[in-house]
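# Reading the structure
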Amino acid sequence: MSLLEVSGVTKRFGGLIALNGVDLAVGRGELVGVIGPNGAGKTTLVNVVTGVYYPESGRIIFDGHDITKTPPHRRARLGISRTYQVPRPFNNLNVLDNVALAAMYGSRRISVRGARELAMDLLGRVRLAERAQDYPESLSVVELRKLELARALAQGSKLVFLDEVSAGLVGDDLREVLSVVKDIHEGGVTMVMIEHVMKVIFNLTERIIVMMNGQKLAEGKPSEVASDARVVESYLGRRWSEI
Amino acid sequence: MSMSAGAGKRLKLPGSTYIKAIAVAVALAIITAVSRMWGSYPTLIAMTIMVFYVYSLSWSLLANTGMVSLGQALFFALGAYAYGIFVVSYGVNPWLALFAGPAVGALAGLAVGFVSSKLRDWYIGIFTFALTPAGYALAVSSQLSPWTAGAVGLTLPAFPLSLGARLALSSALAFAAYLVILLIKNRRIGFALSAINDDETAAGTIGINSRLYKTMIFGISGYMAALAGAMFVALYTSYVAPDYFGYPDLEYSVWPVFYSMIGGMGYPEGVLIGTVLLDPLQNWIRSSLSSTSVVGGNLALVIFGLLLIVVLLRAPKGIYGSVARYMETRRARQAR
Ligand SMILES: Nc1ncnc2c1ncn2[C@@H]1O[C@H](COP(=O)(O)OP(=O)(O)OP(=O)(O)O)[C@@H](O)[C@H]1O
Ligand SMILES: [Mg+2]
């Protein structure tokens, strides 16, 4: 049975249908990529699965539990975590405690000190250890994305959604962050990686889902998706290597 | 993830926390000793400092969880009335009434917190503010006057302690309240409250049950505010009046706001500084300047309002908060 099963989920914002009867299954241990143009509904999908919004219709099953109406904190404890595309750090806690707090309330029991040690380790892995004692307000956008990543990973979840964590990252930073993602995934964590462009996830994922207008447009191996005529069309005829 | 997690749930407090706690204990002891040697009027001033420190801590605990109570006097007055009614109508032992009476404040806090946890931002302020006239109306209602003595107010028997001992008790309770805040602050719940204050949605997605915490914190805050109210009437005024509900006169609801915000509401040490500086000033303005001012008895409110604006423009985290944050970032920069 899949770890996550989303079936027929619809989410409206007033007249706008952000998700239109979306079905999605994520198997245990998978690393799934999700791409799609602006406004496709990618972030809304994460919001609905993590409980930030409740869908108007459809069902969400996680690890055997129907979580369609479960509040966010309980979903987190069941083992779902996420990053925010627009970083949402806790500004009154320093960088270290931002990550440590996520560890304290995640799906494992841990002391304050243990949480700080784990947080320090994760900050090192995303190359943010130097800023551990600083407050988020002094961080650059790139650093804030790394903080989001470290915080989501600190929860020790079974399923992690990464909402455009690589946006704005280049060079060593990009390589490091992607290698952390890969490590954690290889450690047995199921992941859904949302990216705006396919390049980043092409070599990382076994399966890519393309979203558009609140619906699933295509799904398959990266190479299949890349040559799918509808996908190419939806990106205004650009070649897949550019998207 | 390969990191092994520490097994124990108990937290080891960082060294600087012990130093701060000792500093607060010493400060309270000095205030107590000096005012006592000085005379009985300073002793009374010191006693109100202790009472309003407990009261301001109760307000700042809520504010640091993102809940701005504009009707904290509801709990203060409930504590005062509970003590008074227990002692006068039911002949309860004053010591027992001093600690058991505030349980009424805790219950009211849980109820108000349960509702507040569904509200966001300023709605909590409006909601709590709206409760104080209701409390006042109950206190003066004729049906309840056999217990409350209506608008006349309840006159209480003297607490069975000398003036000096009453001050010592007040400072001990003030220190106990400080320790409670310190314990909350340094455990995982303290970090969680700070996160709820910053971003409730993000706090939820990392596993924090903000509704439960907000309700619980309101209960604790309700007890502390009610304890302050009970201390105020038991040890200081020997009298319970309906206007302790902060209605029609706002004072009882706004002093803890001023003291906490100007001193630095994010830090219990800052709240102490705010209370020590402002509470005697408030008393002095009221007793010596008010009679000649155009705004009469409200002069202290006007002055404190202006003071608050000046402090918050220069130091948004209050006097202590700004210094503390500055030191912390400087230390972090030096460590690098
Ligand atoms: N809270 C909200 N209120 C109103 N409309 C919203 C809200 N959140 C999302 N939308 C709308 O829903 C649609 C899908 O948005 P969503 O953020 O899920 O897209 P996305 O695929 O993540 O896009 P991007 O690549 O820009 O991040 C958009 O039209 C967006 O404007
Ligand atoms: Mg998005």
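Further up the page is the structure itself.
Below is a summary of the structure that appears in this document. Keep in mind that what you see is a predicted model, and the values were worked out from it rather than measured. (Residues numbered from 1 in each chain as written. Chains lettered and ligands numbered in written order. Predicted model: local features only at pLDDT ≥ 70, side-chain atom pairs only at ≥ 80, totals over all residues. Heavy atoms only, no water.)

### Here we look at the overall build of chain B
- Within chain B, the regular secondary structure consists of 15 helices and two strands.
- Its C-alpha atoms give chain B a radius of gyration of 20 Å, within 12% of the compact-globule value 20 Å for 336 residues.
- Oriented by its inertia axes, the alpha-carbon framework of chain B measures out at about 65 × 40 × 40 Å.
- For chain B, the proportion of its 336 residues judged to be buried stands at 51%.
- Across chain B, the fraction of contacts at a sequence separation of at least 24, relative to all contacts at a separation of at least 6, is 78%.
- Element-wise, carbon and sulfur atoms account for 70% of the exposed surface of chain B, whose accessible area totals about 14600 Å². (Helix = DSSP H or I, 4+ residues; strand = E, 2+ residues; numbered from the N terminus. Rg over C-alpha atoms; globule rule 2.2 N^0.38 Å. Buried < 20%, exposed > 50% of the residue type's maximum accessible area, 1.4 Å probe, protein only. Contact = heavy atoms within 4.5 Å. Areas by Shrake-Rupley, 256 points an atom, 1.4 Å probe, with all protein chains shown as cover.)

### Quick notes on the side chain of Asp163 of chain A
- Mapped onto the secondary structure, Asp163 of chain A falls in strand S7 (residues 159-163).
- Buried and unpaired, Asp163 of chain A has Arg82 of chain A as its nearest opposite-charge partner, separated by 4.5 Å. (Lys, Arg positive; Asp, Glu negative; His and termini not counted. Salt bridge = Lys/Arg side-chain N within 4 Å of Asp/Glu carboxyl O.)

### Section: a nonpolar patch on the surface
Residue and element names in this part refer to chain B.
- Where nonpolar side chains cluster on the molecular surface, the patch consists of Tyr18, Ile22, Val26, Ile30, Val34, Met37 and Trp38 and spans about 820 Å² of accessible area.
- Mapped onto the fold, Trp38 is located in helix H1 (residues 15-38).
- Accessibility expressed as a relative area gives 67% for Trp38, which makes it exposed. (Patch = residues over 30% accessible without salt bridge, like charges linked within 9 Å, V, L, I, M, F, W, Y side chains within 5 Å.)

### Looking at the packing of aromatic side chains
- In this structure the tally under the stated criterion is 26 aromatic pairs over all chains.
- Measuring from ring centre to ring centre gives 5.5 Å for Trp255 of chain B and Phe304 of chain B, while their planes differ by 70°; the resulting arrangement is edge-to-face. Residue Trp255 of chain B is located in helix H12 (residues 251-263), and its partner Phe304 of chain B is located in helix H14 (residues 299-314); the two are separated by 49 residues in the primary sequence.
- Given the relative accessible area of 2%, Trp255 of chain B is considered buried.
- A residue is classified by how much of its surface remains accessible, and Phe304 of chain B, at 0% relative accessible area, is buried.
- One Lys or Arg, Lys11 of chain A, reaches over the ring of Phe13 of chain A and ends 5.3 Å from the middle of that ring. (Phe/Tyr/Trp six-rings, centres within 6.5 Å; stacked < 30°, edge-to-face > 60°. Lys NZ or Arg CZ within 6 Å of the ring centre and 35° of its normal.)

### Considering the site of ligand 1
Residues and elements named next belong to chain A.
- Within the structure, ligand 1 sits among 15 residues, and Lys42, Thr43, Thr44, Tyr53 and Gln85 are positioned closest to it.
- One of the side-chain N or O atoms of Thr44 is found 2.5 Å from an oxygen atom in ligand 1.
- At 3.5 Å, a side-chain N or O of Glu164 approaches an oxygen atom of ligand 1.
- Burial of ligand 1 by the protein chains amounts to 66% of its free accessible area of 630 Å².
- Secondary-structure elements contributing two or more residues to the shell around ligand 1 are strand S2 (16-26) and helix H1 (42-50).
- It is H1 that provides the largest number of residues to the shell around ligand 1, a total of three residues. (Near = heavy atom within 4 Å. Polar contact = N/O pair within 3.5 Å; in protein donor to acceptor, adjacent residues only side chain to side chain.)

The values reported here are purely geometric and, on their own, carry no functional implication.
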